[in-house]
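Each chain, written out:
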Amino acid sequence: MGSIPGWQVGLLCGIVSWIAISSILNLTQKIRSLTQPWVSRHVISGTPIALRIQKYHHGSLDAFFSGLSCVVSVPFYTAFLPLLFWSGHGKLARQMTLLMAFCDYLGNTVKDVVSAPRPSCPPVRRVTATEDEKENAMEYGMPSSHTLNTVCLSGYLLHYIVTYTQSTDASMQFAGFAIVCLFVGLIGLGRIYLGMHSLIDIIAGLAFGLAILAFWLTFHEYIDNFVISGQNVTSFWAALSFLLLFAYPTPEIPTPSFEYHTAFNGVALGIVSGVQQTYHQFHHENVVRVFTPQLTLPGFVGRILVGIPTILVVKFCSKALAKWSLPIVANTLGLPIKSTSYIPALTASSSGEKSDEVKQSGYLQKLFFSQPASFDVDTGIRLLQYAGLAWSVVDLVPSLFSHLSL
């Protein structure tokens with residue numbers, strides 16, 4: 001067994017130090033006190049702009065922008081990314097998965113640090129056509145996650161297509177860039193039209209998205225090389241995923257943002273651990289790709305019909321196993337726990353506000369300094385559930401494809 005690289009130790013120690021220092025100095029509250037009033041003023045001053053846009057409201061526009069929002073939502077990406085892995089474009093799939101997890105963490109962190117409101121409804125008309133949109137409306141507003149994610153993922157997809165096709169045609173590259181810009185613009189306009197965001201949220205989402213995309217395009221090859229052939233990959237990523245549960249700010253009022261972060265944190269862990277173990281079997285650059293003689297469209301459909309039920313079963317089993325094992329581990333270690341939803345027997349008799357406070361606020365500070373009465377085991381269950389699902393996408397399901405000659 002090789003030694004642990006020094007940069008891994010340094011990075012993990014740096015995260016622990018940041019968590020401890022930010023908790024002791026109460027940095028979240030200090031940053032919020034500086035940023036929240038300024039952002040809130042711009043949200044209020046942006047109301048007339050939203051109202052002017054909504055003057056043109058129509059049922060068809062409601063449906064169009066609601067559908068467009070669904071196409072760039074986290075649930076859509078969660079459903080789409082497995083198909084990308086199974087199509088043979090493994091590098092694109094793992095890069096977009098990790099980029100999505102990175103965007104989700106940074107975007108939701110900024111949201112909960114600033115804790116800025118969404119546009120007031122009324123006077124703004126808010127359209128929440130799906131359950132996902134209703135949950136999104138419970139989050140804080142700035143930055144717009146839809147705008148941020150669209151900038152990053154569509155920008156990286158354009159980069160991948162240009163690189164993969166080795167296109168040198170300037171007109172085609174410009175056309176691709178124009179399509180991405182149009183798509184981002186429609187997403188931003190749609191979020192204002194639907195009453196989900198103000199102009200300042202869209203601008204912040206665009207700015208953060210461009211910054212994250214620039215960072216990712218600079219380092220994505222290093223990250224990919226580490227995932228497929230690095231040293232101590234799985235144990236390092238497991239430790240990183242664990243620490244990122246604690247390196248999360250306390251929102252002014254509890255929101256679903258931390259749950260989204262936990263889920264995609266688990267997805268990233270499952271993808272990295274699975275790809276690292278099976279890269280040379282199922283995810284190398286010479287695997288068969290869809291729309292080739294080796295993987296025709298009917299064959300790809302067969303993969304979907306086998307893969308989707310399999311990962312759903314694994315998700316169910318992972319959740320059941322985590323619900324059974326985590327309380328046992330916690331009791332063995334003497335850690336007091338409770339569950340807000342997953343395990344009724346552990347549901348605390350205290351108020352929901354107290355439960356949410358323990359669940360989302362100052363994790364390492366509570367763990368080492370204030371000794372809370374109990375910890376919400378749902379976070380660990382959610383992490384393991386989605387890690388199991390993601391692992392099955394890149395390990396178990398491709399093994400089935402191999403056995404079934406799909």
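In what follows, the structure referred to is the one given above.
Rules behind the numbers
- Residues numbered from 1 in each chain as written.
- Predicted model: local features only at pLDDT ≥ 70, side-chain atom pairs only at ≥ 80, totals over all residues.
- Heavy atoms only, no water.
- Helix = DSSP H or I, 4+ residues; strand = E, 2+ residues; numbered from the N terminus.
- Rg over C-alpha atoms; globule rule 2.2 N^0.38 Å.
- Buried < 20%, exposed > 50% of the residue type's maximum accessible area, 1.4 Å probe, protein only.
- Contact = heavy atoms within 4.5 Å.
- Areas by Shrake-Rupley, 256 points an atom, 1.4 Å probe, with all protein chains shown as cover.
- Salt bridge = Lys/Arg side-chain N within 4 Å of Asp/Glu carboxyl O.
- Expected span 1.5 Å × (residues − 1).
- Arc of directions from axis to C-beta.
- Core = buried A, V, L, I, M, F, W, Y, C linked by side-chain atoms within 4.5 Å.

K.L.:
Could you give an account of the overall build of the protein chain, naming the residues involved and the relevant values?
P.N.:
Looking only at helices and strands, the protein chain features 16 helices and two strands. In terms of overall size, the protein chain behaves like a compact globule, its C-alpha atoms giving a radius of gyration of 22 Å where 406 residues would be expected to give roughly 22 Å. Considered along the principal axes of its C-alpha atoms, the protein chain spans approximately 60 × 60 × 40 Å. Burial analysis of the protein chain (406 residues in total) assigns 50% to the buried set. Considering only contacts within the protein chain whose residues lie at least 6 apart along the sequence, 82% involve residues at least 24 apart. With an accessible surface of roughly 19200 Å², the protein chain has 69% of that area assigned to carbon and sulfur atoms.

K.L.:
Before we move on, can you summarise the environment of D395 with the specific residues and values?
P.N.:
Along the chain, the position of D395 falls in helix α16 (residues 378-404). When the C-alpha positions of D395 and S273 are compared, they lie 9.1 Å apart, and in sequence the two are 122 residues distant. In this structure, D395 is in contact with T278 and F282, ignoring residues within four places of it in sequence.

K.L.:
Describe in detail the pattern of salt bridges, supporting the description with residues and values.
P.N.:
Counted under the stated rule, the structure contains six salt bridges. E221 is the salt-bridge partner of K91, the closest N and O atoms lying 2.8 Å from each other. Linking K91 in helix α6 (residues 90-114) with E221 in helix α10 (residues 199-229), this pair joins segments that are 130 residues apart in sequence. Judged by its relative accessible area of 19%, K91 is buried.

K.L.:
Any details on helix α1 (residues 6-25)? Residues and values, ideally.
P.N.:
The end-to-end C-alpha distance of α1 is 28 Å, a good match for the 28 Å that 20 residues give at a rise of 1.5 Å each. Looking only at α1, the buried set comprises Q8, L12, I15, I19, S22 and S23. Buried residues of α1 fall within an arc of 105° about the axis and therefore sit on the same side. Turned more than 90 degrees from where α1 packs its buried face, G6 and I24 sit exposed. Positive backbone phi, approximately 55°, marks N26, located one or two places after α1.

K.L.:
Go over helix α8 (residues 145-165), please, and point to the residues and values.
P.N.:
In this model, α8 (21 residues) spans 30 Å end to end at C-alpha, consistent with the 30 Å of a helix rising 1.5 Å per residue. Following α8 by one or two positions, Q166 adopts a phi angle in the positive range, close to 55°.

K.L.:
Break down the nonpolar core for me, citing the residues and quoting the values.
P.N.:
F85, W86, L98, L99, Y156, W237 and V275 are the most contacted members of the largest nonpolar core, which totals 68 residues. Setting aside chain neighbours within four positions, we find Y156 in contact with L92, Q95, M96, L99, L213, W216, L217 and H220. Counting residues in hydrophobic clusters, the runner-up holds eight residues, among them V39, A116, I200 and A204.

This is a description of form; function is not addressed.
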